[in-house]
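Topology and contacts: notes
Residues per chain are reported as follows:
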Amino acid sequence: EINDYFIKLGSNIDRTFQLTELLKDDFSLKIKKNRISISYPNIIRKIIWKISTNQEMEIYGEKNTFGQYETGTRFYLHAQNHADVFVWLSNKQVSSYDSGDPLPDRYNVVGEIELSNLEMAQLVSKIMGKELKYRIIPSESARKGYDKRYALDGSKLRNMGWTPPVPFMDGLERIIKWTLDNPW
């Protein structure tokens, strides 16, 4: 019910301000006359910081029926791939209120690989050549209604022919190198 409300609210805002809405992960992105507003947490930078400062990282998870921990998952999307899809879509005919369509087109912009939060932290530590210190803490300690999985179906863009120009591992290695070369 609440998601339906936000979709309707977004459609009303879109109709009023003539925006084309793109959905990525669990964050909304809006385009209007070449201005883009993006909100995305910097999870990878936090992982790099924790590893490089030799701090323990808290990772949310739950024990499954076999007594093993399962951590939340998400798709990671490189900023260059994120920007590329906007350029790519700008060259496509999409529905809009301006052209009399009842609803604008909606697209899920999704990274190419789904990883658990623990897998991402382990991958970053491997690339950095440093030990990952972590502990699993209960997911409900994050916030009420914590989502174990952040994922959307990106098949619409794939079926239209869009492919991300930056492969996942290349992008991750570049992000880690840049972050370490430009300390905060």
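Residues numbered from 1 in each chain as written. Predicted model: local features only at pLDDT ≥ 70, side-chain atom pairs only at ≥ 80, totals over all residues. Heavy atoms only, no water.

1. Here we look at the environment of Arg174
Which entries qualify depends on this criterion: By the criteria applied, helices consist of DSSP H or I runs no shorter than four residues and strands consist of E runs no shorter than two, each listed in order from the N terminus. Any two residues whose heavy atoms approach within 4.5 Å at even a single point are treated as in contact. Under this definition, polar contacts are N or O atom pairs within 3.5 Å; protein pairs additionally need one hydrogen-donor-capable and one acceptor-capable atom, and for neighbouring residues in sequence, both atoms have to be side-chain atoms.
Along the chain, Arg174 falls in helix H6 (residues 168-181). Remark: the alpha-carbon pair of Arg174 and His78, spanning 96 residues in sequence, is separated by 10.0 Å. Aside from chain neighbours lying at most four places away, what touches Arg174 is His78, Gln80 and Val166. A polar contact is formed between the side chain of Arg174 and the side chain of Gln80, at a distance of 2.9 Å.

2. A short note on the pattern of salt bridges
This is how the line gets drawn: Whenever a carboxyl oxygen of Asp or Glu lies within 4 Å of a side-chain nitrogen of Lys or Arg, that contact is scored as a salt bridge.
Under the defined criterion, the tally for this structure stands at three salt bridges. Two residues, Arg135 and Glu56, come together in a salt bridge whose shortest N-O distance is 2.9 Å. Residue Arg135 is found in strand S9 (residues 133-138), and its partner Glu56 is found in strand S4 (residues 56-63); the two are separated by 79 residues along the sequence. In this structure, Lys177 engages Asp181 in a salt bridge whose closest nitrogen and oxygen atoms are separated by 2.6 Å. On the criterion of helical spacing, the pair formed by Lys177 and Asp181 is a turn pair, its members being four residues apart in helix H6. Bridged by salt links that share partners, the residues Glu56, Glu58 and Arg135 form one connected network.

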